[in-house]
Amino acid sequence: MSARVTFATARRVLEQIRHDPRTIALLLVVPALLLVLLRYVFDGRESVFQTIGAPLCGLFPFIVMFLVTSITMLRERTTGTLERLMTLPLAKLDLLGGYAIAFGLLAAAQAVVVCVVGFVFLGLDAPHGAWLVAVLAILNALLGMALGLFVSAFAETEFQAVQFMPALIFPQLLLCGLFVARDDMASVLYAISWVLPLTYAYDALARATSIEPLGARIAIDVLVVIGCTLAALALGAVTLRRRTA
Amino acid sequence: MAIQVEDLRVVRGGNEVLHGVSLEVANGSVTGLLGPSGCGKSTLMRSIVGVQIVAGGTVTVLGLPAGSAALRRRIGYVTQAPSVYGDLTVLENLRYFARVVDVGRDRVAEVLESVALSRFASRLTSSLSGGERARVSLASALLGSPELLVLDEPTVGLDPVLRTELWGLFHELAGDGATLLVSSHVMDEAGECDQLLLMRDGALLRHSTPDELRRSTGQDDLSKAFLAVIEASEHDR
């Protein structure tokens with residue numbers, strides 16, 4: 001692995017995105033607009049907006065980076081650039097690291113915008129600091145990126161890649177506790193929710209945006225999220241084959 | 001020998017597409033790999049650069065087993081479909097690959113010049129014509145001054161002047177000591193090569209120089225000579 005190649009890859013991914021200003025605008029504006037929408041959906045019910053909207057600030061980057069990364073990686077596979085890279089002195093970790101840096105930076109920008117809109121303009125509370133939500137958002141974005149990299153190996157077309165979002169992300173959103181407390185779900189679903197990474201991502205965000213003391217549980221949540229990210233990256237590295245049929 | 005292939009067999013999608021191919025490519029030569037599309041040229045090239053899963057046989061490249069990590073700095077590979085980033089400019093593409101193979105900006109400028117792309121440097125790659133994109137792909141492979149260049153149909157869709165220029169470039173590179181394996185399905189390019197490998201249906205029919213081929217078949221036109229080789233091989237069957 002080489003820092004030169006890793007940073008070159010990060011720079012290349014960012015340059016690709018820079019040539020697509022519409023995507024940048026969508027990435028930065030859409031989560032904030034959705035939050036505004038949610039604010040007025042729950043007009044006059046501040047406590048509901050607080051319990052759903054505040055953690056959501058840290059979940060948007062997860063969803064978006066999952067999609068963006070799986071499409072970017074799929075393109076890399078289908079246009080033959082991945083095959084070229086695999087014949088060059090580039091370690092798989094250089095490629096994955098480069099993606100992580102590029103999408104991490106993009107996620108940071110997205111998190112800052114959505115947190116400023118949510119916590120400054122829309123009056124959401126972050127008793128432990130909005131910065132904590134932003135940091136969790138970046139970690140979640142990296143989790144989304146790692147999962148996106150991994151599943152891109154199972155998609156042959158962009159249509160398929162897009163479908164992985166409702167297939168893999170929606171169930172996690174429904175079961176993570178954001179909309180309904182996990183204790184209130186059917187016991188089977190409650191049991192399943194324990195093995196889904198987003199459950200821990202949400203739990204950390206819920207704690208970061210509640211007035212209760214943070215406790216040790218948030219540290220466990222963060223470790224699980226990081227662990228799942230590394231595991232997904234390792235699985236993603238396995239799908240990057242130097243030799244193919 | 002730059003390339004030694006022995007009894008190479010490749011199975012793709014349940015079908016054997018290379019049936020025990022053996023060949024050698026000498027150092028510092030321009031070798032043409034010719035045959036109709038679908039005959040296994042690309043699969044053979046993929047096996048040589050080490051990205052193809054092979055079912056049997058050995059492929060030795062620059063003295064090492066194909067696909068060895070140490071070869072990644074020494075081989076340049078250009079796929080048939082241009083494998084560059086359409087959403088980057090020509091210069092951004094080349095600078096990225098230059099960083100990967102660790103060469104400087106002056107080398108990027110030099111390579112751009114050699115494939116006649118300097119004036120397209122700041123153009124978005126996706127806005128270029130097919131032939132121009134193919135040259136960006138070729139330029140990316142030249143950056144690291146590889147000892148072996150494996151080029152899959154690099155001249156398809158180019159105008160005749162440019163095509164002649166590129167063949168000139170290939171010979172220049174060979175003159176500097178590089179070995180080039182260049183595939184084509186157009187026989188009129190065969191005359192540009194030092195050595196010819198004629199392929200059909202996943203098998204190597206003939207390895208000779210253009211002159212030998214003309215002499216042995218009694219045909220001046222290399223397309224007709226290839227046809228004569230095919231007829232002879234069918235007759236032998």
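Residues numbered from 1 in each chain as written. Chains lettered and ligands numbered in written order. Predicted model: local features only at pLDDT ≥ 70, side-chain atom pairs only at ≥ 80, totals over all residues.

(A) Up close: the pairing of strand 10 (residues 203–208) of chain B. Residues and elements named next belong to chain B. Pairing analysis gives five bridges linking strand 9 (residues 195–200) to strand 10, with the strands arranged antiparallel. Looking across to strand 10, one finds that Leu196 is bridged to Ser208. Between the antiparallel neighbours strand 9 and strand 10 lie two residues, among them Asp201 with a positive phi of about 50 degrees. (Pairing = 2+ DSSP bridges. Helix = DSSP H or I, 4+ residues; strand = E, 2+ residues; numbered from the N terminus.)

(B) Highlighting the sheet that holds strand 5 (residues 64–65) of chain B. Residue and element names in this part refer to chain B. Taken in spatial order, the four strands make up an open sheet running 2-1-4-5, and their pairing is antiparallel. Where the open sheet ends on each side, the last strands, each with one partner, are strand 2 (15–25) and strand 5. The pairing of strand 1 (residues 3–12) with strand 4 (residues 56–61) spans five bridges and is classified as antiparallel. The residue of strand 4 that forms the bridge with Arg9 is Gly56. On the sheet, helix 1 (residues 41–49) packs against strand 1, strand 2 and strand 4 and is oriented at approximately 120 degrees with respect to strand 1. (Contact = placed C-beta atoms within 7 Å. Axes fitted to C-alpha atoms, helices over the stretch in contact; angles between N-to-C directions.)

(C) Representation of the environment of Arg73 of chain B within the structure. With respect to the helices and strands, the residue Arg73 of chain B is situated in the loop between strand 5 and strand 6 (75–78). A sequence separation of 49 residues divides Arg73 of chain B from Ser122 of chain B, and the C-alpha atoms of the two residues are 27 Å apart. Not counting residues up to four positions away in its chain, the partners in contact with Arg73 of chain B are Pro89 of chain A together with Val101 and Gly144 of chain B.

(D) A look at unusual backbone geometry. Residue and element names in this part refer to chain B. Here the phi dihedral of Asp102 falls at roughly 65 degrees; this positive angle occurs in a residue that is not glycine. Here Asp102 shows up in the loop between helix 2 (90–101) and helix 3 (105–114). Located in the positive-phi region is Asp201, a residue other than glycine, with phi close to 50 degrees. With respect to the element layout, Asp201 can be found in the loop between strand 9 and strand 10.

(E) Region of interest: the nonpolar core. Core analysis: the biggest nonpolar cluster contains 147 residues, and Phe103, Val133 and Ala201 of chain A together with Ile48, Leu94 and Val150 of chain B have the highest contact counts within it. Considering each element in turn, this core owes the most residues, 17 residues, to helix 7 (residues 130–152) of chain A. The residues touching Leu94 of chain B, leaving out its near neighbours within four places in the chain, are Val108, Val111, Leu112, Ala139, Ser140 and Leu143 of chain B. (Core = buried A, V, L, I, M, F, W, Y, C linked by C-beta atoms within 7 Å. Buried ≥ 20, exposed ≤ 12 C-beta atoms within 10 Å, placed from the backbone.)

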